[in-house]
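Take a look at the letters that make up each chain.
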Amino acid sequence: MGILVLAEHDNQHVKPATWSVLTAASELSAEITVLVAGNACQNVANTLAKVPGVSAIWLADHPAYGQGIAENIAPLMVQYAAKFTHILAPATTYGKNIMPRVAALLDISMVGDVISIIACDTFIRPIYAGNALATIQTTDTIKLLTIRATAFAKAVPATNNVPIILLADIYNSDKIVVSEEILTPAERPELTAARIVVSGGRALQTRENFQLIEQLAEKLGAAVGASRAAVDAGLVPNDYQVGQTGKVVAPELYMAIGISGAIQHIAGMKDSKVIVAINKDSEAPIFQIADYGLVGDLFTLVPALIQALET
Amino acid sequence: MMKILVAIKRVVDPYVKIKVRLDETAVDTDNLKMAMNPFCEIALEEAVRLKEAGIAQEVIAVSIGPNNCQETLRQGLALGADRAVLIEQATALEPLAIAKCLQYVAIAQQVDIVFLGKQSIDGDHNQTGQMLAALLQWPQATFASKVVIKNNQCMVTREIDGGLQTVVVNMPVVITVDLRLNQPRYPALPLIMQAKRKPIDIIPANSLPIDVTSRQHILRVTAPPKRQMGIRVGSVEELVNKLRYEAKII
């Protein structure tokens, strides 16, 4: 008995959230099996085989598993589920797509977005956009969890070399096929993995103005985020959205620019180490959680900040 | 012609600030303003647009919860659903039990598509649609930002971390919707009046052959730790100095 971790990856590299799930798994058991389901993803298996605490890598390498299709990956996990006490996956769009499907196929009630492990059957998860924390005890025989990456440290590959076991099982649904994937260019760090995040709000007003945020982010080597208001106003795509209904981030530095600080935005960034707020409204709620607040017009302050960072 | 089922949840209005009960057993929802879950509004809007485009024949709204969910279903009828089903259940159910109730309705009503919000803004589970698809053994298209239907196939663009993925799925299908799919309409007054005459079929949950027993116990519900308020800086230079020499972060 042990833990099964579903690794998220892009068939070449391990996605950062996976490292946090491995740390969460190590809090539960010393016996961790990692499932790498993908297509031509041997590199991913090799990298994960080096992580201390991992006992075995299961590699299911087939085109059916290459694009995160839940209809294919879920039955594969169900086939082996009875061997484990817990099954963990990252609480990302990848994990959230697959894990509830696994749970229902097993007739199990899962626990999503776990931020803390209290006991082997008891977990804390945020509800109401992080405005409350629920401690949940589950009675199911197998515990299915998705792990919120920002709440756990990242495991680091070392020099271990655990065995990689090939799984030959192929599940390939004829009811769904991926026709296209358009991924945002990765010249900048990914939002949920970045050390610094610079986010803009509705105060930016136009797409052109939002480039100010991009320029500042570039100067800092930061990822770019946005409030839901900025997304709703069409300034940036939805995958920029930081907040309970978007992405939850906890970087070392979070800069909120022209963001008032709606509850739903704060839920997505309040665990950042240092928060900077720039806003012309000195009463904006964002200042209540900011470590450093600067009141003023962002269209003056942001260019000045970019300039100041030159020196 | 297609039949569409839309799952609708009654939740605390998203603009209302919630508080945890003093005994830490739950969030205090007594006397709070309630509303249709915003993601469910988007799901319903998409279904109604498919009907208006002549692709769907009928839109059925379904809710699972206490009797006052009728109010939320009436709102759904005013927004364009043709009729509604309420699976009446006094206590809150876990996503798996909700999915089992929805499975029952989807089969009984012989629908081609079930639209759901990707999550509700109270429990924030993001599970029900995926579970329903699994129980029905249908494909699932989660986090939809675009839906195109042609020749009994459904093309759905999904908002995934790092970009967009378009899938082609056979029907019947379960689709969960994300924010950018559409901008829901407001109900027009004549439609609100008409909605009062549309039927709501009420079925007690305990009359269904479904075990809805909770598998999880909520031991405690607490307020999150408060973050300390920091300081105000007077200039860009001061900010840069603080970040460089005090926080040592840039």
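Everything numeric here is computed off the predicted structure, so don't read it as measured data. (Residues numbered from 1 in each chain as written. Chains lettered and ligands numbered in written order. Predicted model: local features only at pLDDT ≥ 70, side-chain atom pairs only at ≥ 80, totals over all residues.)

Section: the overall build of chain A
The following threshold applies: Only DSSP runs of H or I with at least four residues qualify as helices, and only runs of E with at least two residues qualify as strands; both kinds are numbered from the N terminus onward. The globule rule is 2.2 Å times the number of residues to the power 0.38, and the radius of gyration it is compared with is taken over C-alpha atoms. In this scheme the burial state of a residue depends on its C-beta neighbours within 10 Å: 20 or more other such atoms mean buried, 12 or fewer mean exposed, and anything in between means partly exposed; the C-beta positions come from the backbone. We call two residues in contact when the distance between their C-beta atoms, placed using the backbone, is within 7 Å.
A tally of regular secondary structure across chain A gives eight helices and 16 strands. The C-alpha radius of gyration of chain A comes to 21 Å, within 12% of the 19 Å expected for a compact globule of 311 residues. Considered along the principal axes of its C-alpha atoms, chain A spans approximately 60 × 40 × 40 Å. Residues classed as buried in chain A amount to 56% of the 311 residues present. For chain A, the proportion of contacts with a sequence separation of at least 24, taken over those separated by at least 6, is 65%.

A look at the overall build of chain B
Counting secondary structure elements, chain B contains six helices and 15 strands. For the C-alpha atoms alone, the extent of chain B along its principal axes is close to 65 × 45 × 40 Å. Expressed as a percentage of contacts within chain B between residues at least 6 apart in sequence, the contacts between residues at least 24 apart total 69%.

Observations concerning the nonpolar core
Cut-off, in case you're wondering: Put simply, a nonpolar core is buried Ala, Val, Leu, Ile, Met, Phe, Trp, Tyr and Cys residues tied into one set by C-beta atoms within 7 Å. Where each domain begins and ends follows an automated or database-derived domain assignment.
V5, L35, V36 and V198 of chain A together with V6 and V114 of chain B are the most contacted members of the largest nonpolar core, which has 191 residues in total. The biggest single contributor to this core is helix 3 (residues 95-108) of chain B, with eight residues. Of the residues that make up this core, three or more belong to each of domain 1 (3-166) and domain 2 (191-310) of chain A.

Considerations on the sheet that holds strand 12 (residues 196-200) of chain A
What counts here: The pairing criterion is simple: DSSP has to find at least two bridges between the two strands. Fitted lines through C-alpha atoms serve as axes, helices being fitted only where they are in contact, and the angles separating the N-to-C directions of these axes extend from 0 to 180 degrees.
With respect to topology, six strands assemble into an open sheet ordered 13(A)-12(A)-14(A)-15(A)-16(A)-15(B), the strand pairing being parallel. In this open sheet, the two strands that pair with only one neighbour each are strand 13 (223-226) of chain A together with strand 15 (231-232) of chain B. Direction of pairing for strand 12 of chain A relative to strand 13 of chain A: parallel, over a ladder of four bridges. Considered in strand 13 of chain A, the bridge of S199 of chain A is made with G225 of chain A. Seen against the sheet, helix 5 (residues 207-220) of chain A touches strand 12, strand 13 and strand 14 (253-257) of chain A and runs at an angle of roughly 170° to strand 12 of chain A.

So, the interface of chain B and chain A
Interfaces are often sized by the amount of accessible area the parts lose when they come together. The following threshold applies: Charged residues are taken to be Asp, Glu, Lys and Arg, nonpolar residues to be Ala, Val, Leu, Ile, Met, Phe, Trp, Tyr, Cys and Pro, and polar residues to be all remaining types, Gly included.
Contact residues are listed per partner, giving 64 residues for chain B and 71 residues for chain A. The element that contributes the greatest number of residues to the side of chain B that touches chain A is strand 11 (residues 163-170) of chain B, accounting for eight residues. Its residues assigned to classes, the side of chain B that touches chain A comprises 33 nonpolar, 17 polar and 14 charged. Direction of pairing for strand 16 (residues 292-295) of chain A relative to strand 15 of chain B: parallel, over a ladder of two bridges. Residue pairing for strand 15 of chain B: Y292 of chain A is matched across the bridge by I231 of chain B.

What about the sheet that holds strand 14 (residues 216-222) of chain B?
Reading across the sheet, the four strands line up as 6(A)-7(A)-8(A)-14(B) and stay open at both edges, with antiparallel pairing between neighbours. Unpaired on one side and paired on the other, strand 6 (116-119) of chain A together with strand 14 of chain B mark the two borders of the sheet. Taking the axes of each pair of neighbouring strands and ignoring which way they run, one obtains an average angle of 30° across the sheet. Two strands pair when backbone bridges link them, and strand 7 (residues 122-127) of chain A and strand 8 (residues 132-138) of chain A are joined in this way by six bridges, in the antiparallel orientation. Residue pairing for strand 8 of chain A: I127 of chain A is matched across the bridge by A132 of chain A.

Notes on the domain arrangement of chain A
Residues and elements named next belong to chain A. Taken as a whole, chain A is organised into domain 1 (3-166) and domain 2 (191-310). Each of domain 1 and domain 2 was reduced to a C-alpha centroid, and the two centroids are 30 Å apart. Each partner contributes residues to the interface: domain 1 has eight residues there, and domain 2 has ten residues. A per-class count over the side of domain 1 that touches domain 2 returns four nonpolar, three polar and one charged.

A word on the environment of V114 of chain A
Residues and elements named next belong to chain A. Mapped onto the secondary structure, V114 falls in strand 5 (residues 111-114). With 57 residues separating them along the chain, V114 and I57 place their C-alpha atoms 23 Å apart. Residues within four places of V114 in sequence aside, it is in contact with A24, F123, R125, L145, T146, I147 and R148.

Regarding the packing of helix 8 (residues 298-310) of chain A against helix 6 (residues 236-246) of chain B
Cut-off, in case you're wondering: Throughout this description, any angle smaller than 35 degrees is read as roughly parallel, any larger than 145 degrees as roughly antiparallel, any in the 65 to 115 degree range as roughly perpendicular, and the remainder as oblique. Note on convention: the crossing is left-handed when the near helix lies turned anticlockwise from the far helix by less than a right angle, right-handed when the turn is clockwise.
Following both chains from N to C, one finds helix 8 of chain A and helix 6 of chain B inclined at 50°, their axes separated by 9 Å at the closest point. In terms of their interaxial angle, helix 8 of chain A and helix 6 of chain B are classed as oblique. In this structure, the crossing between helix 8 of chain A and helix 6 of chain B has a hand that is right-handed. For the pair helix 8 of chain A and helix 6 of chain B, contact is made by L301, A304, L305, A308 and L309 of chain A and by V236, E237 and V240 of chain B, respectively. Of the residues assigned to the contact of helix 8 of chain A with helix 6 of chain B, the class counts are seven nonpolar, no polar and one charged.

What about helix 4 (residues 128-136) of chain B?
Helix 4 of chain B sits mainly inside the fold: eight of its nine residues count as buried. Listing the buried residues of helix 4 of chain B in full gives T128, G129, Q130, M131, L132, A133, A134 and L135 of chain B. Tucked into the core, helix 4 of chain B has its buried residues touching helix 3 (70-80) and helix 4 (93-106) of chain A together with helix 3, strand 8 (113-117), strand 9 (140-150) and strand 12 (173-177) of chain B. Immediately downstream of helix 4 of chain B, the backbone of Q137 of chain B shows phi near 55°, a positive value.

Let's talk about the pairing of strand 9 of chain B
Residues and elements named next belong to chain B. As judged from the three bridges shared by strand 9 and strand 12, these two strands associate in the parallel manner. Bridge pairing links A141 to I175 in strand 12. Pairing analysis gives six bridges linking strand 9 to strand 10 (residues 153-160), with the strands arranged antiparallel. Bridging across to strand 10, I149 finds its partner in C154. The antiparallel hairpin formed by strand 9 and strand 10 contains two residues in its connecting segment, where N151 sits at a positive phi of about 50°.

Describing the pairing of strand 6 (residues 56-65) of chain B
All names here are of chain B. Heads up, the rule is: The crossover handedness rule: strands pointing away from the viewer, path from first strand over the helix to second strand clockwise, crossover right-handed.
For strand 6, the tally of buried residues reaches eight of ten residues, placing the bulk of the element in the interior. In this structure, strand 6 lies alongside strand 7 (residues 83-88), joined through six bridges in parallel fashion. Its bridge partner being in strand 7, S63 is matched across the sheet by L86. Regarding the hand of the β-α-β motif, the stretch spanning strand 6, helix 2 (residues 69-78) and strand 7 is right-handed.

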